[in-house]
Amino acid sequence: MSSIIQLLPDHVANQIAAGEVVQRPASVVKELLENAVDAKATDIKLIIKDAGKSLIQVIDNGLGMNVTDARLCFERHATSKIRHAEDLFSLHTKGFRGEALASIAAIAHVELKTKQDQEELGIHIIIEGSKFTTQEPAVLPKGTSFSVKNLFFNIPARRNFLKSDTVEMRYIIDEFQRVALAHPNIAFTMYHNGSESFNLPQSNFRPRIVNVFGGKTNEKLVPVKEDTEIVHIHGFVGKPEFAKKNRGEQFFFVNDRFIKSGYLHHAIMAAYEGLLKDGAQPSYFLYLSVPPNTIDINIHPTKTEIKFDDEHALYAILRSAVKHSLGQFNVAPVLDFERDPNLDTPYQYQQKEAEYPTIQVDRSYNPFADEKPQKAATNFNYKKPELQPSWESLYVGLEEMDTQSSEISFETDAVSSSLFEDTDTEQETKRTYQIHKKYIVSPIKSGIVIINQKRAHERVLYEEFLTNMTVHHASSQRLLFPLEFYFSVNDIEVIKEIKLSLENLGFIFDSIHADSLIISGLPVTITESQVSIIFDDLLTDFQNGVGGDSFSQNDSIAQSMAKSLAVKTGTYLTEKEQDNLVNNLFACREPNVSPFQKPTFITMSVEDLDKKFSL
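Procedures and definitions
- Residues numbered from 1 in each chain as written.
- Predicted model: local features only at pLDDT ≥ 70, side-chain atom pairs only at ≥ 80, totals over all residues.
- Heavy atoms only, no water.
- Salt bridge = Lys/Arg side-chain N within 4 Å of Asp/Glu carboxyl O.
- Buried < 20%, exposed > 50% of the residue type's maximum accessible area, 1.4 Å probe, protein only.
- Helix = DSSP H or I, 4+ residues; strand = E, 2+ residues; numbered from the N terminus.
- Pairing = 2+ DSSP bridges.
- Axes fitted to C-alpha atoms, helices over the stretch in contact; angles between N-to-C directions.
- Phe/Tyr/Trp six-rings, centres within 6.5 Å; stacked < 30°, edge-to-face > 60°.
- Lys NZ or Arg CZ within 6 Å of the ring centre and 35° of its normal.
- Contact = heavy atoms within 4.5 Å.
- Polar contact = N/O pair within 3.5 Å; in protein donor to acceptor, adjacent residues only side chain to side chain.
- Core = buried A, V, L, I, M, F, W, Y, C linked by side-chain atoms within 4.5 Å.
- Parallel < 35°, antiparallel > 145°, perpendicular 65-115°, else oblique.
- Left-handed = near helix turned anticlockwise from the far one by under 90°.
- Nonpolar A, V, L, I, M, F, W, Y, C, P; charged D, E, K, R; others polar.
- pLDDT = per-residue confidence, 0-100.

1. So, the pattern of salt bridges
Side-chain pairs of opposite charge can arise where the charged atoms are in close proximity.
Alright, step 1. Throughout the structure, instances matching the rule amount to twelve salt bridges.
Alright, step 2. For Lys-113, the salt bridge identified is with Glu-111, shortest N-O distance 3.9 Å.
Alright, step 3. Overall, the relative accessible area of 33% leaves Lys-113 in the partly exposed class.
Alright, step 4. Residue Glu-590 is joined to Arg-459 by a salt bridge in which the shortest nitrogen-to-oxygen separation is 3.9 Å. A residue pair is termed long-range when its members are at least 10 positions apart, and Glu-590 in the loop between helix H17 (575–586) and strand S22 (601–605) and Arg-459 in helix H12 (residues 453–470) qualify at 131 residues.
Alright, step 5. Note on Glu-590: relative accessible area 46%, which makes it partly exposed.

2. Some details on the sheet that holds strand S20 (residues 508–512)
Alright, step 1. Pairing is antiparallel across the open sheet formed by three strands, whose spatial order is S19-S21-S20. Each edge of the open sheet carries a strand with a single partner, namely strand S19 (476–486) and S20. Neighbour to neighbour, the strand axes of the sheet diverge by 15 degrees on average, direction disregarded.
Alright, step 2. Pairing of S20 with strand S21 (residues 516–523), which is carried by four bridges, proceeds in the antiparallel orientation. Bridge pairing in S21 links Phe-509 to Ile-519.

3. Considerations on the packing of aromatic side chains
Alright, step 1. As enumerated under the stated definition, the model contains 18 aromatic pairs in all.
Alright, step 2. Relative to Phe-535, the ring of Phe-487 has its centre 6.0 Å away and its plane inclined at 45 degrees; by these criteria the two rings are tilted. On the criterion of sequence distance, the pair formed by Phe-487 in the loop between S19 and helix H13 (489–497) and Phe-535 in helix H15 (residues 528–543) is long-range, its members being 48 residues apart.
Alright, step 3. Among the residues examined, Phe-535 registers a relative accessible area of 2% and is labelled buried.
Alright, step 4. Above the ring of Tyr-171, the side-chain terminus of Arg-24 is found at 4.0 Å from the ring centroid.

4. A closer look at the sheet that holds strand S18 (residues 447–452)
Strand pairing in a sheet takes place through backbone hydrogen bonds and is either antiparallel or parallel in direction.
Alright, step 1. The strand order S16-S17-S18-S22 describes an open sheet built from four strands, whose pairing is antiparallel. Because the sheet does not close on itself, it has two edges, and the strands there are strand S16 (433–435) and S22. Averaged over neighbouring strand pairs, the angle between their axes works out to 25 degrees when direction is ignored.
Alright, step 2. Here S16 runs beside strand S17 (residues 439–443); their pairing, made up of three bridges, is antiparallel. Bridging from a neighbouring strand, Ile-435 pairs with Tyr-439 of S17.
Alright, step 3. Strands in contact with helix H18 (residues 606–613) are S18 and S22; relative to S22, the strand with the most contacts, it is inclined by about 70 degrees.

5. Things to note about the side chain of Ser-501
Alright, step 1. Considering the arrangement of structural elements, one finds Ser-501 in helix H14 (residues 499–505).
Alright, step 2. At 2.7 Å, the side chain of Ser-501 and the side chain of Asn-554 are in polar contact.
Alright, step 3. Those residues in contact with Ser-501 that sit more than four places away from it in its chain are Met-469, Gln-553, Asn-554 and Ile-557.

6. What to know about the nonpolar core
Alright, step 1. By size, the foremost hydrophobic cluster in this structure holds 59 residues, and its most contacted members are Leu-32, Ile-44, Phe-74, Leu-181, Phe-188 and Met-190.
Alright, step 2. If you tally residues by element for this core, the top one is helix H6 (residues 165–182), at eight residues.
Alright, step 3. For Phe-188, the contacting residues outside a window of four places in its chain are Val-37, Ile-44, Phe-176, Val-179, Ala-180, His-183, Phe-198, Asn-199, Leu-200 and Arg-208.
Alright, step 4. Within the second largest apolar cluster, 32 residues are counted, among which are Leu-461, Ile-492, Leu-539 and Ile-557.

7. Some thoughts on the packing of H6 against H13
Alright, step 1. Their axes nearest at 11 Å, the elements H6 and H13 cross at an angle of 165 degrees. Relative to H13, the element H6 is oriented roughly antiparallel. Every pair of crossing elements has a handedness; the one defined by H6 and H13 is right-handed. Contacts between H6 and H13 pair Thr-166, Arg-170, Ile-173 and Gln-177 from the former with Asn-490, Asp-491 and Glu-497 from the latter.
Alright, step 2. Class assignment for the residues of the contact of H6 with H13 results in one nonpolar, three polar and three charged.

8. Comments concerning the pairing of strand S13 (residues 284–289)
Alright, step 1. Within S13, five of the six residues are buried, leaving the element largely enclosed by the surrounding structure.
Alright, step 2. As paired elements, strand S10 (residues 232–238) and S13 share six bridges and run antiparallel to each other. Paired with Phe-236 across the strands is Phe-285, a residue of S13.
Alright, step 3. Where strand S11 (residues 250–254) meets S13, five bridges bridge the pair, whose relative direction is parallel. In the sheet register, Val-254 faces S13, and the bridge partner there is Leu-288.

9. Some remarks on the pairing of strand S4 (residues 122–128)
Alright, step 1. Among the seven residues of S4, five are classified as buried, and the element is accordingly described as predominantly covered.
Alright, step 2. Bridge count for strand S3 (residues 109–115) against S4 is six bridges, and the pairing is antiparallel. Among the inter-strand pairings, Glu-111 is bridged to a residue of S4, identified as Ile-126.
Alright, step 3. Inspection of the sheet shows S4 paired to strand S5 (residues 131–138) by seven bridges, in the antiparallel sense. By the bridge assignment, Glu-128 is partnered in S5 with Lys-131.
Alright, step 4. Adjacent in sequence and paired antiparallel, S4 and S5 are bridged by two residues, among which Gly-129 carries a positive phi angle near 60 degrees.

10. Topic: unusual backbone geometry
Alright, step 1. For Phe-152, which is not glycine, the phi torsion reads 60 degrees and is therefore positive.
Alright, step 2. Relative to the helices and strands, Phe-152 resides in the loop between strand S6 (143–149) and helix H5 (156–161).
Alright, step 3. Take Phe-152: its relative accessible area is 1%, and that puts it in the buried class.
Alright, step 4. Phi angles above zero are rare outside glycine, and Asn-193 is one such case at about 50 degrees.

11. A closer look at the environment of Ser-164
Alright, step 1. The residue Ser-164 is located in the loop between H5 and H6 in this model.
Alright, step 2. The exposure class of Ser-164 is partly exposed, given its relative accessible area of 33%.
Alright, step 3. Distance from Ser-164 to Asp-50, taken between C-alpha atoms, is 9.8 Å for residues 114 residues apart in sequence.

12. A closer look at the side chain of Arg-24
Alright, step 1. In this fold, Arg-24 is placed in the loop between helix H1 (10–21) and helix H2 (25–38).
Alright, step 2. Note on Arg-24: relative accessible area 15%, which makes it buried.
Alright, step 3. Polar contacts involving the side chain of Arg-24 include one to the side chain of Glu-168, which spans 3.1 Å.
Alright, step 4. Those residues in contact with Arg-24 that sit more than four places away from it in its chain are Leu-151, Phe-152, Leu-162, Lys-163, Glu-168 and Tyr-171.

13. Focus on the confidence of the model for the chain
Alright, step 1. Of the residues in the chain, 77% have a pLDDT of 70 or more, and the chain-wide mean is 79.
Alright, step 2. Strand S1 (residues 43–49) holds the highest mean pLDDT among the elements of the chain, 93, whereas helix H11 (residues 413–417) holds the lowest, 48.
Alright, step 3. Within the model, pLDDT remains below 50 along residues 413–428, and this stretch shows zero contacts once partners closer than five positions in the same chain are excluded.
Alright, step 4. Within the model, the stretch residues 546–551 combines pLDDT values under 50 with eight contacts to residues more than four positions away or in other chains.

Here it is as structure tokens:
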């Protein structure tokens, strides 16, 4: 019987490996940026077109490669990062597997240009689906340029799996920010479809965070620093009042590598215990330095999961360090029962120098004099109080009032009680009832209808917003004082994309800057206090792809705003509000379900009620 096991060809094996390493364009961005960092580059440029589907290009001024290395780097398990198995426990570089470039070359058109500083000419290589098509010398500057075009051109199923450009761009920006935040000593620049998205000069950690997330971030940061034998911690945490619902600004870096750790995140949440609202997530940018032999990075192909030798000690140290910083900068209350709060120096006066008090001396004062000298009258505007009338004056004129009051006529009790004797009042029957501030019950001919007030209001608002965006423009109310909001750079990009739809809803934008926007008008149904909540929820939902690819942009915005503005469970509604909600619900085109395809009401017939009482 012939053998049935055979060795797979290299291009097939590379495509299989690419399924784990390259999941979307953001995976390519991560691998290429980390290679540029490992090459000791000081200036890295990232160029993106069509959210990475058409082009991903990374240009650096690093060490570069010679001809042999340029060919060999595309082979599987070829790497310059490690030599022995023991090197896995003393890693100082981002990459070490030797699979990334081989996987990328298997599913895309790759163009490599590289040159070392001591060489006169560089090398230009073009690969299409693991096949070398061109290799020739070229005049190039020092460094390396990787261009990845037509990603997943030979795997159409994977290409169709990709989400919209907005969502994919969000993943790319996340990877770019993670690498840029981990290495503030490197200058990073990012371009998307010809426009500059980020320009981050070389700096230290705090300016890098501010440059990435906007100038308003500076006032939110509280420094954290702790040095122990196990770990060295430094970085920043956000003040509790700036916490958001979404987890967009949470960063752990271990030995300059971004990681995800639910266990360490729980330590941060424990430090904020009692300071956050329900569901709020604090911002933090924490850099942990541990001995390389105490961690294991070789857990997952994405290298974002790490195993620690002593997680429990790390948890306790991290929690204590954050809690100490929050208390040290008067963010969290300090429990010291023997401390007198009146002796505390206000934070804004700590750097102020003491001033000598001004003293005024009255040189004419003589304690042995019989009469004290009178001060000059010009110094005071003193007025002698008038004499108050005596108590007897209260009764002056009472005799005259008695004579006048006898002439005044009053309505008798009989007159006032007969106002409603001959009129019949018609008692209105109560049509709706609210149960547990969650459901509205209304009788119908066949029985009763039970309505979920939150879902019903979502359906009403959703259709109203969708009509305003697609059929006619909504009316706006001008603000006397325009509102200014601060967002990160990538949030501003999302707002620019959905600006037209928001204007159709009634929002009026005065200007949109790199990290802020000014709103001078709002829809008539929205108050000023609701605007920040709407934008936070809208950005969170829209960046995560609300409704999936089958829904349009207007649907996503209408769904998000309806969810944000709908009446919440636990809200008391008056009878008029209940009737209005019921009438508006059944006036909708699809009253049966909410915008998220959940039932808005159920009906119970009289027969169903009779069955409940039957024995």
